Amino acid sequence: MVEVKNQVINLKMYIDGEWKDAENQETRPVINPANGEVIAYAPEGTIEDARAAIFAARTAFEDGVWSGLSAQERASYLFKIADKIDQYADEFTRLETMDNGKPLREAGFDVADAAACFRYYAGLITKPDGYTYHVADPIQAMVVREPVGVCGLIVPWNYPLLMSVWKIAPALAAGNTIVFKPSEVTPVTPKKLFEIFEDVGLPKGVANMVIGAGPVVGNEVASHPEVDMVSFTGGTKTGKHIMKAAADTMKKVSLELGGKSPNIIFADADFETAVDYALFGIYAGAGQVCSAGSRILVEESIYARFVARFAERAKQIVVGPGDDPSTEMGPLVSQQHLEKVLHYIELGKQEGATVACGGNRIVHSGLGKGYFVEPTVFIDVKQEMRIVQEEIFGPVVVIQKFKDEEEAVKLANGTVYGLAGGVFTNDGAKGLRVIKKLRSGITWVNSYHPTYNEAPWGGYKQSGIGRSLGTFGLEEFQEIKQININLQVEPIGWFSN
Ligand code: NAD
């Protein structure tokens, strides 16, 4: 076991280069989901705190202390931040596991990815990005990209560090100033990240962090007239609130939302590979992954064999505290979320589905104080059931049967979501044919889950608007300007007098 210091951390917000408590001094406890212990106290930020952060970001943007730097200079800060994340990788990993619950192995990947994401955008921002175009002489026309301005960035608790970085790195690379809000449930590693921002000497007011309840602090960020853009990752219901809050001031909005993603297994797939990825697809992160393959669709000729093998392996997954190196699946993030997931399991039973394995909270083996749930499989489900239609965001999967390609696609596309999807087959043409029919933004053939800084991430339908990562993720944080230069400076002569 990694040694975890039992010291309660006092978190602060970072506004205009200063570490601050909430203006009313209120705090809320941050809980280790593996044992229910308080690991930190976080400021319960207020609307006034959010406004102070917005004001600082607006002032820094107007002063040009960041947008006025060359791309090369901004990149050099981002490279330094990446190096510091690597330097403190062990501490980040330990803190992430303590706060979110995920196993050290998963937290370690997230930390490495976070450093790589800063490096990716540091490199990208110095590359050519403009256009020229041909119009009538004597005009020379070109297009340049500029920062949007003050960006409000709001993130969830499932990847506390990585989701923060997916927004902060491109937003800063593009020259914006930011007001960032982590989830109030998992603010510990974001705070460590902001310590690094201070350490590398980011000019004050460029990166601000407010911590507090979504409907209070988050809503203020989403609705305030001095915020030019809001980039949000979280649940679809909250995404709808954000869109409404941002509408009055016509902010640019980018939304990465929930999913109920299909993983389609054809009979001709490599059987053990398909089972293995299907397990990874749903139980990595204890199912608290937006792209989780939470609906497995299996061709009928191999359905019974697949369910038996999948359940056999699901039962063997080692569930435990994230800081135990033998743990393969950690707890759910909070008591409240545990209750939500258990509620869905009860609902599935009431709807008439059969539990093929799992279905219970784990209270034995010293896990009773944490928020652990068994890897759970539902079969005998119908497409209209709520456990098939709604995002459960836990280690709960439904396995459905299909007859042919057409039915597989119909079932796969049969929810309001469209985030991710996978297909397993040894027929290359079929794999691509089916993937092209999926109404999803992130897809895999004979694989599931890998994410790349270079590739766009985001959903169709109610899974969101816009894309993170890659060149697309940078463009989200940029405005586009056309510049037309008259090379023959003389009056146009439109009016005779
Ligand atoms: P959530 O929507 O409850 O909260 C996300 C963030 O929004 C938090 O910081 C929260 O404080 C804030 N918030 C809540 N209400 C708000 C309001 N009214 N105004 C402004 N901000 C508000 O989501 P969660 O439970 O933290 O995270 C889980 C969800 O995130 C899942 O639905 C998951 O699919 C989604 N998610 C999506 C992606 C993606 O890339 N598409 C990635 C990770 C997580």
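Residues numbered from 1 in each chain as written. Predicted model: local features only at pLDDT ≥ 70, side-chain atom pairs only at ≥ 80, totals over all residues. Heavy atoms only, no water.

1. Some remarks on the pattern of salt bridges
What counts here: Only one rule defines a salt bridge in this text: a Lys or Arg side-chain nitrogen within 4 Å of an Asp or Glu carboxyl oxygen. Secondary structure counts use DSSP, requiring at least four H or I residues in a row for a helix and at least two E residues in a row for a strand, with both numbered from the N terminus. In this scheme, a residue with accessible area under 20% of its type's maximum is buried, one over 50% is exposed, and one in between is partly exposed, where area comes from a 1.4 Å probe on protein chains only.
Scanning the entire structure with this criterion turns up 25 salt bridges. In this structure, Asp86 and Arg119 form a salt bridge, with 2.7 Å as the shortest nitrogen-oxygen distance. On the criterion of sequence distance, the pair formed by Asp86 in helix H2 (residues 71-87) and Arg119 in helix H4 (residues 104-124) is long-range, its members being 33 residues apart. You can call Arg119 partly exposed: its relative accessible area is 29%. The salt bridge involving Arg145 is made with Glu475; its shortest N-O contact spans 3.7 Å. Note that Arg145 is positioned in strand S7 (residues 139-147) and Glu475 in helix H15 (residues 470-475), a separation of 330 residues in sequence. Put simply, Arg58, Glu62, Glu226 and Asp228 are held in one network by salt bridges that share partners.

2. Considering the site of the ligand
Quick note on the threshold: Here a residue counts as near a molecule or strand whenever at least one of its heavy atoms sits within 4 Å of it. Polar contact is the term for a pair of N or O atoms within 3.5 Å; when the atoms are in protein, one must be able to donate a hydrogen and the other to accept it, and sequence-neighboring residues count only if both atoms are side-chain atoms. Method for areas: the Shrake-Rupley scheme with a 1.4 Å probe, in which residue coverage is limited to the protein chains shown. Charged means Asp, Glu, Lys or Arg here, nonpolar means Ala, Val, Leu, Ile, Met, Phe, Trp, Tyr, Cys or Pro, and polar covers whatever is left, Gly included.
As a structural note, the neighbourhood of the ligand is formed by 28 residues, with Val155, Glu184, Thr238, Leu257 and Glu391 the closest of them. One of the backbone nitrogen or oxygen atoms of Gly214 is found 3.4 Å away from a nitrogen atom of the ligand. Trp457 places a polar side-chain atom, nitrogen or oxygen, 2.9 Å from an oxygen atom of the ligand. Its free accessible area being 840 Å², the ligand has 89% of it covered by the protein chains. Elements supplying a minimum of two residues to the shell around the ligand: helix H7 (214-223), strand S11 (229-233) and helix H8 (236-247). Here the element with the most residues in the shell around the ligand is H7; it accounts for 4 residues. Here the residues of the shell around the ligand sort into 14 nonpolar, 10 polar and 4 charged.

3. So, the packing of aromatic side chains
Let me state the cut-off plainly: Between the rings of Phe, Tyr and Trp (Trp by its six-membered ring), a pair exists once the centres lie within 6.5 Å; its type follows the angle of the planes, with under 30 degrees stacked, over 60 edge-to-face, and the other angles tilted. Ring-over charges, as used throughout, are those where CZ of Arg or NZ of Lys falls within 6 Å of the ring centre and within 35 degrees of the ring normal.
Overall, the coordinates contain 15 aromatic pairs when judged by the stated rule. Between Tyr283 and Phe310, the aromatic rings sit 5.9 Å apart at their centres with planes inclined by 35°, giving tilted as the arrangement. Of the two residues, Tyr283 sits in helix H9 (residues 271-283) while Phe310 sits in helix H10 (residues 303-315), which places them 27 residues apart along the sequence. The exposure class assigned to Phe310 is buried, which follows from its relative accessible area of 0%. Ring-pair connections join several aromatic residues into one group, and the members of that group are Tyr14, Trp19, Phe118, Phe180, Phe194 and Phe197. In this structure, Lys102 packs its charged tip against the face of Tyr159, placed 3.7 Å from the ring centre.

4. Some thoughts on the UniProt feature "domain: Aldehyde dehydrogenase" (unreviewed entry) in the chain
Stated precisely, the cut-off is as follows: UniProt positions are given in the numbering used here, feature names are shortened, and annotations may be inferred rather than shown by experiment.
Those places that UniProt annotates as "domain: Aldehyde dehydrogenase" (unreviewed entry) correspond, in this numbering, to residues 19-483. Taken end to end, residues 19-483 has its terminal C-alpha atoms 41 Å apart, with 40% of it in helix and 19% in strand.

5. Let's talk about the side chain of Thr376
Applied cut-off: Contact criterion: two residues are considered in contact whenever any of their non-hydrogen atoms come within 4.5 Å of each other.
Here Thr376 lies in strand S16 (residues 376-379). At 2.7 Å, the side chain of Thr376 and the backbone oxygen of Glu374 are in polar contact. When neighbours within four sequence positions are excluded, Thr376 is seen to be in contact with Tyr283, Ile345, Cys357, Gly358, Gly359, Pro395, Val396 and Val397.

6. Digging into the sheet that holds strand S1 (residues 9-10)
The cut-off we apply is this: Strand pairing is defined by DSSP finding a minimum of two bridges between the two strands. Axes, fitted as lines to C-alpha atoms, cover a helix only where it is in contact. Angles between the N-to-C directions of the axes lie from 0 to 180 degrees.
Strand order in the open sheet formed by 3 strands is S1-S5-S4, and the pairing between neighbours is mixed. Sheet topology places S1 and strand S4 (27-31) at the edges, where each strand pairs with a single neighbour. The sheet contact formed by S4 and strand S5 (residues 38-43) spans 5 bridges and is antiparallel. When the sheet's bridge partners are listed, Thr27 is paired in S5 with Pro43. Sitting on the sheet, helix H3 (residues 89-100) is in contact with S1, S4 and S5, with an inclination near 100° to S4.

7. Some words on the UniProt feature "active site" (unreviewed entry) in the chain
Taken from the UniProt record, the annotation "active site" (unreviewed entry) applies to Glu256. As for its placement among the helices and strands, Glu256 is situated in strand S12 (residues 252-256). Contacts of Glu256, omitting those with residues within four sequence positions, involve Lys167, Phe232, Thr233, Gly234, Trp457, Gly458, Ser463, Gly466, Arg467 and Ser468.

8. Things to note about a nonpolar patch on the surface
Stated precisely, the cut-off is as follows: Residues form patches when they are more than 30% accessible in relative terms and have no salt bridge. Like charges link within 9 Å. Nonpolar side chains (Val, Leu, Ile, Met, Phe, Trp, Tyr) link within 5 Å.
Residues Val8, Val38 and Tyr41 make up a contiguous nonpolar surface patch of about 210 Å² in total accessible area. On the basis of relative accessibility, which here comes to 34%, the residue Tyr41 falls in the partly exposed class.

9. Quick look at the packing of H7 against H8
How we decide: Put simply, angles under 35 degrees are roughly parallel, angles over 145 are roughly antiparallel, angles from 65 to 115 are roughly perpendicular, and the rest are oblique.
At their nearest, the axes of H7 and H8 sit 7 Å apart, and the two run at 45° to each other. The orientation of H7 with respect to H8, classified from their angle, is oblique. Of the residues in H8, those touching H7 at Asn219, Ala222 and Ser223 are Ile242, Ala245 and Ala246.

10. Some words on the pairing of S16
Of the two faces of S16, the one carrying Thr376 and Phe378 and the one carrying Val377 and Ile379 are both buried. Taken together, the 3 bridges between strand S15 (residues 354-357) and S16 define a ladder with antiparallel strand orientation. Among the inter-strand pairings, Thr354 is bridged to a residue of S16, identified as Ile379.

11. Considering H3
Put simply, the rule is: To estimate how far a helix should extend, the number of its residues minus one is multiplied by 1.5 Å.
Over its 12 residues, H3 extends 16 Å from the first C-alpha to the last, a length consistent with the 16 Å expected when each residue adds 1.5 Å. Extensive coverage of H3 is indicated by the burial of 9 of its 12 residues. Those residues of H3 that fall on the buried side of the exposure criterion are Phe92, Thr93, Arg94, Leu95, Glu96, Thr97, Met98, Asp99 and Asn100. One or two positions beyond H3, positive phi appears at Gly101, with a value near 100°.

12. Digging into the side chain of Arg58
Of note, Arg58 is situated in helix H1 (residues 47-63). Take Arg58: its relative accessible area is 14%, and that puts it in the buried class. A polar contact of 2.6 Å, which involves the side chain of Arg58, links it to the side chain of Glu62. Once you skip the residues sitting within four places of it in the chain, Arg58 turns out to touch Val150, Thr177, Glu226 and Asp228.

13. Section: the packing of H1 against H7
Applicable threshold: Left-handed describes a crossing in which the near helix is turned anticlockwise from the far one by less than a right angle; the clockwise case is right-handed.
H7 packs onto H1 with a crossing angle of 35° between their chain directions and a minimal axis gap of 8 Å. Crossing of H1 against H7: the hand is right-handed. Between H1, through Ile47, Ala50, Arg51 and Ile54, and H7, the contact on the second element is made entirely by Val216, Val217, Glu220 and Val221.

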